[in-house]
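# Results of the structural survey
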Amino acid sequence: MDALRVCLYVFAGVTLGTWLVSVLTREYSWVDRIWSIVPVAYVGIFAGAAGFADTRLDVMFALVALWGARLTFNFARKGGYAPGGEDYRWAVLRERMAPWQFQLFNFFFISLYQNVILLLITLPALTALEHPGGFGAADVVVAVVFAAFLVGETVADQQQWQFHREKHAGRASTRFLQAGLFRYSRHPNFFFEQAQWWAVAAFGVVAGGLQWTVAGAVLLTLLFVGSTRFTESITKSRYPEYADYQRRTSAVVPWPARG
């Protein structure tokens, strides 16, 4: 059985499973709980199909595994795997939608569409599998860039984690994080998350030129655009001073603050 077909079977099982569990538990963040795990499995399947003998695929698998381990740790320490650890935005949407509308949204967007993206972002590994070759200077550059983005997201998440701990303890001087990397971007962790998957797409380009498998990175970016706008609309409704932060600070791409 070819690697893509195996991945499609995994995709079908995970999509159906996350949807069924969300309906049974009435918690709608099950895709979040597998977000950092399933892409590692997909890339592992492609690397395994080459017998773990293709250096480019092995490096891609190792880097994505590091991405997954870091993201899983960060999600776990925030209580994402605990009962009731649902994304707060879904509760907001349930208030705005009729029950049947939210259930359609749950199936088609939360479960199906997001799982489609989780598969698509890993398909540059399919391109690498179909175009085996040596691990050259361009691969080294992409690997180093991926590692830099991984460090950036680690720092951003740690700064956010520390801020919320201080806020919970009543020691924070502001109501939302504006220091560190968040001085240059309102969502630096979002930037580095997307950038890592653009680096994965770059591995595919290095292997076989510009291919349709770059679509995953494109769709992930579009997903983050919509998610960021929705998240910020909620934040702005809670904290009116957030509007000034929006005026001064780049939305996603780190950039010097405006006066």
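All residue numbers refer to position in the chain's written sequence, counted from 1. Local features in this predicted model are restricted to residues whose pLDDT is 70 or higher, and side-chain atom pairs enter the listing and the counts only when it is 80 or higher, whereas totals over whole chains, interfaces and linings include all residues. Only hydrogens and water are set aside when side-chain values are computed; all heavy atoms of the structure are taken into account.

An unreviewed UniProt entry lists the protein chain under the name Steroid 5-alpha reductase C-terminal domain-containing protein, with Amycolatopsis mediterranei given as the organism.

So, on to helix α10 (residues 215–238). By definition, any uninterrupted DSSP run of H or I lasting at least four residues is a helix, any uninterrupted run of E lasting at least two residues is a strand, and each is numbered from the N terminus. The length a helix should cover is 1.5 Å for every residue beyond the first. For α10, with 24 residues, the first-to-last C-alpha span of 35 Å sits near the 34 Å given by 1.5 Å per residue. Only protein chains enter the calculation, and the probe is 1.4 Å; a residue is then buried if its accessible area is under 20% of its type maximum, exposed if over 50%, and partly exposed in between. When we look at burial in α10, the residues that qualify are Gly-216, Ala-217, Leu-220, Leu-223, Phe-224, Ser-227, Thr-228, Phe-230, Thr-231, Glu-232, Ile-234 and Thr-235. Buried residues belonging to α10 abut α5 (88–96), α6 (99–120), α9 (188–208) and α11 (242–248). Residue contacts are counted whenever heavy atoms from the two residues lie within 4.5 Å of one another.

If you look at the biggest cluster of nonpolar residues, it comprises 49 residues, and the most contacted ones within it are Trp-35, Phe-46, Met-60, Trp-67 and Leu-220. Looking at this core element by element, the count peaks at seven residues for α6. Beyond its immediate sequence surroundings of up to four residues, Trp-35 is in contact with Trp-67, Leu-71, Gln-114, Leu-118, Glu-193, Leu-220 and Leu-223. Take the buried residues of types Ala, Val, Leu, Ile, Met, Phe, Trp, Tyr and Cys, join any two whose side-chain atoms come within 4.5 Å, and each joined set is a nonpolar core. One finds Ala-156, Phe-163, Phe-176 and Tyr-245 within the second-largest nonpolar core, a separate group that totals eight residues.

Now for the packing of α9 against α10. Here the axes come from fitting lines to C-alpha atoms, over the contacting stretch only for helices, and the angles between their N-to-C directions go from 0 to 180 degrees. Running from N to C, α9 and α10 cross one another at 170 degrees; their axes reach a closest spacing of 9 Å. Here α9 lies roughly antiparallel to α10, going by the angle between them. On the side of α9, the interface is formed by Phe-190, Glu-193, Gln-194, Trp-197, Trp-198 and Ala-201, while α10 contributes Ala-217, Val-218, Leu-220, Thr-221, Phe-224 and Thr-228. Gly counts as polar in this scheme, as do all residues outside two lists: the nonpolar Ala, Val, Leu, Ile, Met, Phe, Trp, Tyr, Cys and Pro, and the charged Asp, Glu, Lys and Arg. Partitioning the contact of α9 with α10 into residue classes produces eight nonpolar, three polar and one charged. Throughout, the term roughly parallel applies to angles under 35 degrees, roughly antiparallel to angles over 145, roughly perpendicular to angles from 65 to 115, and oblique to all others.

Let us look at the packing of aromatic side chains. Classification of ring pairs uses Phe, Tyr and Trp, with its six-membered ring standing for Trp, and accepts pairs whose centres are within 6.5 Å; under 30 degrees between planes counts as stacked, over 60 as edge-to-face, and the remaining range as tilted. Tallied over the full model, the rule gives 18 aromatic pairs. Centre to centre, the rings of Tyr-28 and Phe-102 are 4.9 Å apart; their planes meet at 85 degrees, and the pair counts as edge-to-face. Highlighted residues: Tyr-28 in the loop between α1 (3–25) and α2 (30–34) and Phe-102 in helix α6, separated in sequence by 74 residues. Ring centres of Phe-176 and Tyr-239 lie 5.9 Å apart, and the angle between their planes is 35 degrees; on these two criteria the pair is classed as tilted. Here Tyr-239 lies in the loop between α10 and α11 and Phe-176 lies in the loop between α8 (137–168) and α9, a separation of 63 residues in the sequence. There is no split in this pair, since Phe-176 and Tyr-239 are both buried. Taken together, the ring pairs in this structure connect Tyr-28, Trp-90, Phe-102, Phe-105, Phe-109 and Tyr-113 into an aromatic cluster. The ring of Trp-30 carries Arg-33 above its face, with NZ or CZ at 4.2 Å from the centroid. Over the ring of Phe-102 we find Arg-94, and its NZ or CZ is 5.6 Å from the ring centre. Distance and angle both matter: a charge sits over a ring if NZ of Lys or CZ of Arg is within 6 Å of the ring centre and within 35 degrees of the ring normal.

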